[in-house]
Amino acid sequence: MNKITFPLVGNYRTPIIYLFKHILECEIVEPPPITKKTIELGNANSPEFVCTPFKYTLGTYIEALEKGANIVVQFGGGCRYGYYFELQEQILKDLGYEFKYVNFVTKGVTNLKEIYLKLKEINPKLKVDKLIYYSFITFKMLKYMDRCDDYIRQNIGFEEKKELENINKEMLNKFLNVKGYLDLRRTYKKYYKKLKKVKINKPKNCLKIGIIGELYTVMEPFANYYLERELASYNIEIKRFTNAHYLLIEKRKKGLKYLKSAKKYIKYKMGADSHDNIGRCKYLCKKKYDGIIHIKSSFCTPEIGSMAIINKICKEYDIPVIFFSFDANTSEVGIKTRLEAFYDMIEMRKKNEKLLSRH
Amino acid sequence: MAKIKIGIPRSLFYYYYKDIWKYFFDEFNIELIISPPTNKTIMENGIKFSIDEMCVSMKNYIGHVYYLLDKCDYILIPRISNYGNDNQTCTNFLATYDIINNIFDTKILNYNINLENNETEEKGLIKIVTDFGYSKEYAKKAYKNAIKKVKQKNDKLIKDNIKKLDSEKTKILLIGHPYNLYDNLIGKEIIKYIELNDTEIIYSDLFHKDITNTLSKKLSYSLYFKYNKENIGSIPLVEDKIDGIIFISTFPCSPDSLVNELMFRKLKKPYLNLIIDDLNSMTGIETRIESFIDIIKGGVINE
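None of these values were measured; they are calculated from a predicted model.

1. What about the overall build of chain A?
Piece 1. The helix and strand inventory of chain A stands at 14 helices and eight strands.
Piece 2. For chain A, whose C-alpha radius of gyration is 21 Å, the value lies close to the compact-globule estimate of 21 Å for 359 residues.
Piece 3. C-alpha atoms of chain A, sized along the principal axes, occupy 75 × 45 × 40 Å.
Piece 4. Considering only intrachain contacts with a sequence separation of at least 6, the fraction spanning at least 24 residues in chain A is 73%.
Piece 5. On chain A, roughly 16900 Å² of surface is accessible, and the fraction owed to carbon and sulfur atoms is 54%.
Piece 6. Here chain A carries 66 positive and 41 negative side-chain charges, and the mean point of each set is 9 Å from the other.

2. Topic: unusual backbone geometry
Piece 1. The amide bond that connects B:Phe251 to the next residue, B:Pro252, takes the cis arrangement and shows omega of -15°.
Piece 2. Structurally, B:Pro252 is set in the loop between strand 9 (244-250) and helix 12 (254-266).
Piece 3. Of note in the backbone geometry, A:Glu25 takes a positive phi value of approximately 50° without being a glycine.
Piece 4. Relative to the assigned elements, A:Glu25 resides in the loop between helix 1 (13-23) and strand 2 (27-28).
Piece 5. Backbone geometry places A:Lys288, a non-glycine residue, at a positive phi of 60°.
Piece 6. For A:Lys288, the location among the structural elements is in the loop between helix 12 (274-286) and strand 7 (291-297).

3. Describing the side chain of A:Arg240
Residue and element names in this part refer to chain A.
Piece 1. For arginine 240, the location among the structural elements is in strand 6 (residues 236-240).
Piece 2. For arginine 240, a relative accessible area of 9% corresponds to the buried category.
Piece 3. A polar side-chain atom of arginine 240 sits 3.4 Å from the main-chain carbonyl oxygen of valine 218.
Piece 4. In this structure, arginine 240 is in contact with Asp150, Arg153, Ile211, Val218, Met219 and Glu228, ignoring residues within four places of it in sequence.

4. Section: the interface of chain A and chain B
Piece 1. In this assembly, 42 residues from chain A lie in contact with 40 residues from chain B.
Piece 2. Carbon and sulfur atoms supply 61% of the area buried between chain A and chain B, which totals about 3600 Å² over both sides.
Piece 3. Note that A:Lys296 and B:Glu53 form a salt bridge whose closest N and O atoms lie 2.7 Å from each other.
Piece 4. In this structure, the connection of chain A to chain B is made through 20 residue pairs in polar contact (both at pLDDT 80 or more).

5. Some thoughts on the nonpolar core
Piece 1. Within the largest apolar cluster, 77 residues are counted, with the highest numbers of intra-cluster contacts made by B:Phe13, B:Tyr17, B:Trp21, B:Phe24, B:Phe25, B:Leu76 and B:Phe93.
Piece 2. For this core, the element with the highest residue contribution is helix 1 (residues 14-25) of chain B, accounting for nine residues.
Piece 3. Those residues within four positions of B:Phe25 in sequence are excluded, and the remaining contacts are B:Ile6, B:Ile30, B:Leu32, B:Leu76, B:Leu125, B:Ile128 and B:Val129.
Piece 4. With 56 residues, the next largest nonpolar core counts A:Met145, A:Ile156, A:Leu164 and A:Ala328 among its residues.

6. Observations regarding a positive patch on the surface
All names here are of chain B.
Piece 1. Together, Lys123, Lys136, Lys140, Lys144 and Lys148 make up a region of like positive charge exposed at the surface.
Piece 2. By residue number, the principal contributor to the positive patch is helix 6 (residues 136-163), which donates four residues.
Piece 3. On the secondary structure map, lysine 148 appears in helix 6.
Piece 4. Classification of lysine 148 by relative accessible area gives exposed; the value is 56%.

7. Considerations on the domain arrangement of chain A
The extent of an interface is frequently quoted as the accessible surface area lost upon association of the parts.
Residues and elements named next belong to chain A.
Piece 1. One can read the domain layout of chain A as domain 1 (3-126), domain 2 (133-202) and domain 3 (203-359).
Piece 2. One C-alpha centre belongs to domain 2, the other to domain 3, and the line joining them spans 25 Å.
Piece 3. The interface is formed by 13 residues belonging to domain 2 together with 16 residues belonging to domain 3.
Piece 4. Counting each side, the surface lost to burial between domain 2 and domain 3 is near 1300 Å², with a carbon and sulfur contribution of 60%.
Piece 5. Three residues stand out in domain 2 for area buried against domain 3, namely Arg153, Phe158 and Lys202, and they jointly supply 43% of the buried area on that side.
Piece 6. Where domain 2 packs against domain 3, one counts two salt bridges.

About the cut-offs
- Within any chain, residue numbers begin from 1 and follow the written order of that chain's sequence.
- As a convention, the first chain written is A and the first ligand written is 1, with the rest following in written order.
- Local features in this predicted model are restricted to residues whose pLDDT is 70 or higher, and side-chain atom pairs enter the listing and the counts only when it is 80 or higher, whereas totals over whole chains, interfaces and linings include all residues.
- To get the side-chain values, take all heavy atoms of the structure and skip hydrogens and water.
- Only DSSP runs of H or I reaching four residues or more are called helices, and only runs of E reaching two or more are called strands; each is numbered from the N terminus.
- Here the globule rule is a power law, 2.2 Å times the number of residues to the power 0.38, and the radius of gyration is based on C-alpha atoms.
- Contacts are assigned to residue pairs with any non-hydrogen atoms lying within 4.5 Å of each other.
- Methods summary: accessible areas were calculated by the Shrake-Rupley approach with a probe of 1.4 Å, and residue burial reflects only the protein chains presented.
- Just so you know, the count uses Lys and Arg for positive and Asp and Glu for negative, and it drops His and the chain ends.
- Note on charges: their place is set at NZ of Lys, CZ of Arg, CG of Asp or CD of Glu.
- Exposure is judged per residue with a 1.4 Å probe applied to protein chains only, and the accessible area is read against the type maximum: over 50% gives exposed, under 20% gives buried, and values in between give partly exposed.
- Throughout this description, a polar contact denotes any pair of N or O atoms lying within 3.5 Å of each other; where both atoms belong to protein, one of them has to be capable of donating a hydrogen while the other can accept it, and for residues adjacent in sequence the pair is counted only when both atoms sit in side chains.
- Note on terms: buried area is the combined drop in 1.4 Å-probe accessible area of two parts once they are placed together, counting the loss on both.
- By convention in these notes, a salt bridge is any Lys or Arg side-chain nitrogen within 4 Å of a carboxyl oxygen on Asp or Glu.
- Only buried Ala, Val, Leu, Ile, Met, Phe, Trp, Tyr and Cys residues count toward a nonpolar core, and they belong to the same one when joined by side-chain atoms within 4.5 Å.
- Patch definition: residues with relative accessible area over 30% and no salt bridge; like charges joined within 9 Å; nonpolar side chains (Val, Leu, Ile, Met, Phe, Trp, Tyr) joined within 5 Å.
- Delimitation of the domains relies on an automatic or database domain assignment.

Below, the structure written as structure tokens:
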């Protein structure tokens, strides 16, 4: 019996489970939520200076394999993420697990035919029309999820009662059991209305912060120590760009747009998302955000390169920027202290601005 | 007409392309100014102008660029993206040009190698000299000649390297990127010390690149970093003839962190892994090299 498992990123377990359930007809071993134990497991078995997504996904795999999974899925990427799977496979085999490893994206190239063949290996009865239909629904689901997420992010710091997150959770649970596209759309519309009805007390001149950085750390709240939740507690509006829908669909076009918009600073793509982040940084500066937070996992080479340039842009536009680097051993207290200081600074700047404009 | 002075930092790209640059630009009224072998001042300046988390080799490069700033008209910084999808490079090679362009205010000559997009070295170099007013035909001829000369030189180096395999001494395969191995501060001292211990060093980069590139498939079926492929491809080529392997990489090298770890898990030969950071002390490294060589020599006697 095939038992499949997958790496965790943010809330995206819902669409993945939905898709696998409908096209693979095999048991799905849902990986347990990421905890301290997951990181410790990953950290103990990883090479010394690999970036943290490697450690997180490895830890997740070990926990899921312990639960009885025998097929492991990975999605490669543009930087060294694309090479993760071979080493992870070797490490897990050295640990004594027996399983099949399926990698859907190799060398940063998404080859649809190859993906289909790989899926067919797991489920020989898979038909193309079924795959296309359910992939379509999954992509729509991602889009709806990300739309709700964006709305929540802008408003969660200002809600009167804590409701937004609960509604979102309820919606995701409903998404898991939708019967077809129309049902999905109906559910989404119902809950989006509900989200909009939640009372929001947002001052016109609130603090606005943009979060940019390496995609895994940005999207997985455990990997960034719930940075967004922390910011919301300071009553800050948050703008974040990276989400699954962006990476899968919009990146191809928008990536070039970002590159063009920042052509004063960069000429070439710099690997993974780093040139996107430079474009976003310029966008945030132009829109006069109060501050920019750049987060990444330690040793993320493309983002380290972009930091030098982001520094320069922010200096030119006079926008405060802070860099966080997250690792398995990062101390949460240290990050909170730095964040608090950053918050105090941008708040003071805002007040001074107001005073100046009055005179 | 005064000679145009092009500065070349003696780091990263230099160790891959020094010959082609030398032979090519020699054909024109162009003077190449190469920064001196890395010294403490260069490294310290590199650290000063770089981001803390950059790898040591990148910091080193920035130091070399800083040295050249007031000594030449242009600095030559290529961007190496890929030699086909199966032969990509570290993301630092993609970003160096833009990083330097933002850190320093200087004139840069740049070309891009991206074979997926049909941008080759030949086109890039020819574009540079035609922009200086030379004719395209002359530049094409110069490039052809340069390639021929580079091939002759490389063939000789490779022959010498292979000859070493018949040596009676203890043979060690040294694996690392050339910009680390041959750098004055990073690799040279280590190489000197290994040689002191009465050993023969075989270099991973001095083999025919296309052979090592294909052979790397034996050890890692999905590897797509060109330079790492060429490094580890030397292992299956000479494995039966050597006594041990020493890996040298800088902290925190992105592709090495994964590739070398995979090698350690697959290798049957004794190996030593040396990671160089910017606060490096030779003493610790010397001790480790010495005991490693003792171990492999001891192994030979017991057999």
